[in-house]
Amino acid sequence: MIRACCIGWPVTHVRSPLIHGFWLKRYGIDGAYGREAVEPGGVADFLRSLGDRGLAGCNVTIPHKEAAFAAMDEVDPGAVAVGAVNTVWRDGGRLVGMNSDVVGFLKNLDHQAPGWDREVGNALVLGAGGAARGIVHGLVSRGIPVVTVANRSLSKAEAIAAGHPRAIRAVAWDDLPRLLGDADLLVNTTSLGMVGQPRLDLPLDGLKPSAIVSDIVYVPLETDLLVRAAARGHRTVEGLGMLLHQAVPGFARWFGITPEVTAELHAHLAADIRGH
Ligand code: NAP
């Protein structure tokens, strides 16, 4: 039996067992995917003992993604851009890690807004946290000519821009109303709009009718931002698809089959999210 898991502290809330469990059943694989609570400080030891524990690899969630990055022998460019790893596998005696949020975000856009990267000249990213770092890297890697990052704490947006001097503009949150009209793609990567967080208080009046609006928050599934954007006729891209697509590379590495993100899988997770 092939085994993998998700490590975090705490780890009870993660939904990845639902995704991988669905695929294991769907593809008839003799495998298991569980949760492992790993205390802060114990990440490197846990990862080095993956083989002894009979694990092919693992996902890594908060607060361990940076410590996991530091413990890797090899990482992909997305992980370097973010400074964090969320997917780990063993290659012989070596530990290899990637940040699958980058590919998850891009694949989800490809799926929900096909052709978006040919149309978007100007992307406006709200937020400059861990998720924003990966998304900005993804947008740059797809050749989007102008990427602007707006964040409440301007210094964090500036820190992201410093890593990509030619392509990124860092702007203050108060500049948003002025900049909204230039955007072909608006992406919310802040936690605003998530259950238990304040709503994203951003009037969309200035947005071009052709602009695509994406929200990576997926609890609730239909955020206030997406509801307001859809009511104005914008193409919208929701965050659950990103969560599903980011799970693909790990499953493929551990269990040997590249799984499909289907409507059935989406419905499976959506039912769980609606139930909470
Ligand atoms: P993070 O590193 O903690 O960053 C949070 C971001 O939200 C920062 O830019 C922060 O601004 C901003 N923010 C928080 N409260 C705010 C407020 N009251 N006003 C203005 N800005 C505020 O979190 P993260 O890991 O990037 O995750 C962000 C969100 O994305 C979460 O809701 C998470 O669930 C979601 N997410 C979804 C996926 C997916 O697969 N769909 C993947 C990753 C993350 P400051 O810098 O000023 O604090």
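Description of the structure in this document. Since we're looking at a predicted model, the values are computed, not measured. (Residues numbered from 1 in each chain as written. Predicted model: local features only at pLDDT ≥ 70, side-chain atom pairs only at ≥ 80, totals over all residues. Heavy atoms only, no water.)

Once that is clear, we can look at the sheet that holds strand β9 (residues 168-172). Taken in spatial order, the six strands of this open sheet run β9-β8-β7-β10-β11-β12, and their pairing is parallel. Of all the strands in the sheet, the pair left with one neighbour each is β9 and β12 (235-237). Going from strand to strand, the sheet's axes swing by 20 degrees on average, the running direction of each strand aside. As judged from the four bridges shared by strand β7 (residues 122-126) and strand β10 (residues 185-188), these two strands associate in the parallel manner. Its bridge partner being in β10, V125 is matched across the sheet by V187. (Pairing = 2+ DSSP bridges. Helix = DSSP H or I, 4+ residues; strand = E, 2+ residues; numbered from the N terminus. Axes fitted to C-alpha atoms, helices over the stretch in contact; angles between N-to-C directions.)

Moving on to helix α12 (residues 248-255). With respect to burial, α12 is a largely interior element, six of its eight residues being buried. Of all the residues in α12, the buried ones are V248, P249, G250, F251, W254 and F255. G256, located one to two residues past α12, shows a positive phi value of around 85 degrees. (Buried < 20%, exposed > 50% of the residue type's maximum accessible area, 1.4 Å probe, protein only.)

We now examine the site of the ligand. Lining the immediate surroundings of the ligand are 21 residues, of which A131, N151, S153, K156 and I216 lie closest. Interatomic distance of 3.0 Å between a backbone N/O atom of G130 and an oxygen atom of the ligand. A distance of 3.3 Å separates an oxygen atom of the ligand from a polar backbone atom of L243. Contact with the protein chains covers 76% of the free accessible surface of the ligand, which is 930 Å². Of all the secondary-structure elements, those providing two or more residues to the shell around the ligand are α7 (130-141) and α11 (240-246). Taken together, the residues of the shell around the ligand break down into nine nonpolar, nine polar and three charged. (Near = heavy atom within 4 Å. Polar contact = N/O pair within 3.5 Å; in protein donor to acceptor, adjacent residues only side chain to side chain. Areas by Shrake-Rupley, 256 points an atom, 1.4 Å probe, with all protein chains shown as cover. Nonpolar A, V, L, I, M, F, W, Y, C, P; charged D, E, K, R; others polar.)

Residues of helix α1 (residues 16-26) that are buried: S16, P17, I19, H20, F22, W23 and L24. If you follow the buried residues of α1, they end up packed against β1 (2-8), β2 (31-37), β3 (57-60), α11, α12 and α13 (263-274). Just downstream of α1 lies G28, where phi reads positive at about 60 degrees. (Contact = heavy atoms within 4.5 Å.)

What follows deals with the sheet that holds strand β4 (residues 74-75). The strand order across the open sheet built from six strands is β2-β1-β3-β5-β6-β4, with neighbouring strands paired in mixed fashion. Only two strands of the sheet have a single neighbouring strand rather than two, namely β2 and β4. As defined by bridge partners, β4 adjoins strand β6 (residues 94-98) across two bridges and the pair is classed as parallel. Opposite E74, over in β6, you have V96 as the bridge partner. Seen against the sheet, α12 touches β1, β2, β3, β5 (87-91) and β6 and runs at an angle of roughly 25 degrees to β5.

Glancing now at the pairing of β1. Of all seven residues in β1, five are buried, a share of seventy percent or more. Summarising the sheet, β1 and β2 pair through seven bridges and their orientation is parallel. Residue R3 lies in a different strand from β2, and its bridge partner there is A32. Where β1 meets β3, four bridges bridge the pair, whose relative direction is parallel. Within β3, the position partnered with C5 by the bridge is C58.

Attention now moves to the pattern of salt bridges. Counting across every chain of the model gives 12 salt bridges. The closest approach of N and O atoms between D110 and R142, which form a salt bridge, is 2.7 Å. Pair noted here: D110 is in helix α5 (residues 100-112) and R142 is in the loop between α7 and β8 (146-151), with a separation of 32 residues, a long-range link. Note that D184 is salt-bridged to K208, the shortest N-O span being 2.7 Å. Residue D184 is found in the loop between α9 (176-179) and β10, and its partner K208 is found in the loop between β10 and β11 (212-215); the two are separated by 24 residues along the sequence. By relative accessible area, which is 14% here, D184 ends up buried. Among the ionic contacts, a cluster of salt bridges with common partners joins R199, D201, D224 and R228. (Salt bridge = Lys/Arg side-chain N within 4 Å of Asp/Glu carboxyl O.)

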